[in-house]
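Architecture and fold: a report
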Amino acid sequence: MVDYRKEILDVSSFPVEECLKLVNAFNKNFPKKDAYMFLNEESLHIMLKQLDMIKYREFLDGLNISTDLTNKAFDIIDSIGSYGLKGSKRLFSGYNAERKVINRKAKEQSRSKHYYANDHNFSKVNNELPSEYENKIICADSSEFLKKLPDNCIDIIFTSPPYNFGLDYDSHNDTARWNDYFDMLFAIFKECIRVLKYGGRFVVNVQPLYSDYIPIHHIISNFFIQNKMIWKGEIIWEKNNYNCKYSSWGSWKSPASPYLKYTWEFVEVYCKGDLKKQGDNENIDITAEEFKSWVVAKWSIAPERNMQEFGHPAMFPEQLAERVLKLFSYKNDVVLDPFNGAGTTTVVAKKTGRRYLGIDISEEYCKTAQKRIDEADLGQLSWFD
Ligand SMILES: C[S@@+](CC[C@H](N)C(=O)[O-])C[C@H]1O[C@@H](n2cnc3c(N)ncnc32)[C@H](O)[C@@H]1O
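One structure accompanies this document, and this report is about it. (Residues numbered from 1 in each chain as written. Predicted model: local features only at pLDDT ≥ 70, side-chain atom pairs only at ≥ 80, totals over all residues.)

What follows covers unusual backbone geometry. Positive phi, close to 55 degrees, is recorded for Glu41, a residue that is not glycine. Judged by C-beta crowding, with 7 C-beta atoms within 10 Å, Glu41 ranks as exposed. The phi torsion at Asn152 lies on the positive side, around 50 degrees, for a residue other than glycine. In this structure, Asn152 sits in the loop between helix 5 (142–145) and strand 8 (154–159). Residue class for Asn152 comes out buried when judged on the 21 C-beta atoms lying within 10 Å of it. (Buried ≥ 20, exposed ≤ 12 C-beta atoms within 10 Å, placed from the backbone. Helix = DSSP H or I, 4+ residues; strand = E, 2+ residues; numbered from the N terminus.)

Shown next, in the form of structure tokens:
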């Protein structure tokens with residue numbers, strides 16, 4: 001027997017007749033086994049099992065009562081963050097009954113959450129980024145430049161390193177022996193971890209080189225875990241990119257060696273010291289709709305279309321950076337990209353009211369990044385879902 005979920009709305013500022021009209025009409029229009037309402041003095045009690053939110057909205061819009069009241073009655077249900085789905089209905093109760101774990105918290109504790117990172121020795125003392133580096137695009141080798149920064153001064157790193165695919169970059173050789181490649185990458189990542197604040201986030205967009213059978217995303221994750229970073233999660237960036245060659249099958253129509261094809265990249269999210277990031281509520285800029293949609297860790301976003309215009313062979317789109325920055329950081333946070341390329345991370349940081357530091361080894365790409373910054377304004381996010 002599944003219980004109702006109860007929501008209580010203070011309706012003391014509305015006329016009783018309007019509240020009664022809402023209650024009576026609701027109970028007439030929706031079956032009691034799904035949901036019902038009643039008035040108790042100045043409170044409207046909403047008992048919920050399941051509800052079709054589109055029908056509910058239409059129902060409320062059809063009532064001849066104050067829109068303030070109908071909006072409140074809608075929002076209180078719409079803002080419930082956890083629910084199941086069944087057809088067009090949201091399930092507010094019993095939707096995970098069959099999966100319920102008894103004493104979940106105690107069991108989590110006895111297993112020891114992120115056990116691999118708990119014996120870290122990160123300092124909890126955070127520092128300010130020196131003002132000379134704030135809101136700057138710097139042309140340098142990150143393995144050298146990052147040494148100039150103090151420990152614990154960056155809130156979030158969002159980056160996409162070169163993948164060693166053999167791309168034609170301006171100043172970087174993209175075909176190194178794999179061992180040399182990882183030595184270069186991890187020297188920079190080590191510095192990045194050092195400069196990241198306690199509670200800061202390190203977000204890396206990466207695509208394995210499938211043809212070399214090198215799972216870069218796993219090797220990078222192994223590095224983070226070895227370096228006591230807490231794995232927060234992995235996002236699939238679905239590019240819906242069906243450009244992958246349909247002539248390369250490995251072995252055609254045979255289990256001998258079929259070649260797998262991918263239309264997505266990975267975004268790995270790690271935290272330093274703590275899963276929780278401190279920040280002021282007034283600096284949260286993600287909307288409820290964005291939050292609900294983006295915590296589902298498969299993001300369908302088209303690849304960057306203007307790489308030719310920007311003269312860079314491997315950019316990610318602004319939309320990807322917007323989601324990462326709004327989901328994992330606050331306004332006014334300091335954002336670092338140590339492989340800044342044509343400056344997508346830093347331009348989105350500026351547009352969303354964050355401070356930034358972008359480093360790239362190519363003067364050409366730094367010029368492009370600076371130009372994008374100079375032309376960007378706060379709030380100028382110009383794409384549509
Ligand atoms: C995949 S691209 C990043 C593109 C960027 N996300 C964008 O949207 O424009 C990697 C960048 O790393 C830069 N790079 C390679 N080695 C570097 C190093 N040691 N220090 C700084 N930048 C480096 C390359 O010049 C290249 O622009």
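The subject of this paragraph is the packing of helix 10 (residues 318–328) against helix 11 (residues 344–351). Contact geometry for helix 10 and helix 11: axes closest at 9 Å, N-to-C directions at 55 degrees. What the angle tells us is that helix 10 and helix 11 run oblique. Between helix 10 and helix 11 the crossing geometry is right-handed. Note on element contacts: helix 11 touches helix 10 through Thr344, Thr345, Val347, Val348 and Ala349, opposite Glu318, Ala321, Glu322 and Leu325. Split by residue class, the contact of helix 10 with helix 11 holds five nonpolar, two polar and two charged. (Axes fitted to C-alpha atoms, helices over the stretch in contact; angles between N-to-C directions. Parallel < 35°, antiparallel > 145°, perpendicular 65-115°, else oblique. Left-handed = near helix turned anticlockwise from the far one by under 90°. Contact = placed C-beta atoms within 7 Å. Nonpolar A, V, L, I, M, F, W, Y, C, P; charged D, E, K, R; others polar.)

Turning our attention to the sheet that holds strand 7 (residues 136–139). Overall, mixed pairing links the eight strands, which are arranged 7-14-13-8-9-11-10-12 in an open sheet. Whereas interior strands pair on both sides, the edge strands pair on one side only; in this sheet they are strand 7 and strand 12 (298–300). Along the sheet, successive strands turn relative to each other by an average axial angle of 20 degrees, direction set aside. With six bridges connecting them, strand 9 (residues 196–206) and strand 11 (residues 264–271) associate as antiparallel partners. Within strand 11, the position partnered with Phe202 by the bridge is Tyr270. This element, helix 6 (residues 178–195), spans strand 8 and strand 9 of the sheet and lies at about 145 degrees to strand 9. (Pairing = 2+ DSSP bridges.)

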